[in-house]
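Coordinate analysis (summary)
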Amino acid sequence: MVTSGIEEGISQISKKGENEMSLFTFNFPIDVSFKTTSPFGWPQLVVSIYGIDFFGNDVVRGYGSVHLPISPGKHKRRIAMFVPESSSMLQRFTSWLIGRRPEFIDPRVVAQGEGRDVTRVRSQGYVNVFFNVVTKNIEKLGYNTG
């Protein structure tokens, strides 16, 4: 249960760096407070990345998700990104021609495994995310943060 903060939103826009690695940097702090009595359904960060294609259309470049770390401290997570694919060559050509490529309407599809086994996707790189986790009074609920 979210006790403060918003559940979803668009964070920021970034451009490719001009260094030799051509990295994208997002420095967007996320501050959310959660209240729970069990880690079941633990919160996840869902990442949706969009970009401009050759024709100037805004298209999806990747989706990915990661569970938030439970223990306090600084954590680095690597999110494997994927992109939905058309199911046939004709659909692929048509979507390329009209600039409407396959994408998920509901971001919860990315966070859940249910129903994704029948979706054709292509691997699309990685996103590195750093978390600074602070827990308060979690020991009172019987959890060992060790």
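A quick note: this is a predicted structure, and the numbers were derived from the prediction, not measured.

Considerations on the pattern of salt bridges
According to the stated counting rule, one finds one salt bridge in the structure shown. For Arg122, the salt bridge is made with Glu85, and the minimal N-O distance between the two is 2.5 Å. With Arg122 in strand 6 (residues 121–133) and Glu85 in the loop between strand 5 (73–84) and helix 1 (89–98), the pair connects residues that are 37 residues apart, well separated along the chain. Given the relative accessible area of 38%, Arg122 is considered partly exposed.

Observations concerning the confidence of the model for the chain
A residue-level look at the chain finds 75% of positions with pLDDT of 70 or above and a mean pLDDT of 77. The element-level mean pLDDT for the chain is lowest in strand 1 (residues 2–4), coming to 63, with strand 5 highest at 91.

Considering the nonpolar core
Grouped together as the largest cluster of nonpolar side chains are seven residues: Val47, Val66, Ile79, Met81, Val129, Phe131 and Val133. Taken together, the elements giving at least two residues each to this core come down to strand 5 and strand 6. Of the residues forming this core, the biggest block, three residues, is contributed by strand 6. Formed by six residues, the second largest nonpolar core is a distinct cluster that contains Val60, Tyr63, Phe82 and Phe104.

Conventions used here
- Residues numbered from 1 in each chain as written.
- Predicted model: local features only at pLDDT ≥ 70, side-chain atom pairs only at ≥ 80, totals over all residues.
- Heavy atoms only, no water.
- Salt bridge = Lys/Arg side-chain N within 4 Å of Asp/Glu carboxyl O.
- Helix = DSSP H or I, 4+ residues; strand = E, 2+ residues; numbered from the N terminus.
- Buried < 20%, exposed > 50% of the residue type's maximum accessible area, 1.4 Å probe, protein only.
- pLDDT = per-residue confidence, 0-100.
- Core = buried A, V, L, I, M, F, W, Y, C linked by side-chain atoms within 4.5 Å.

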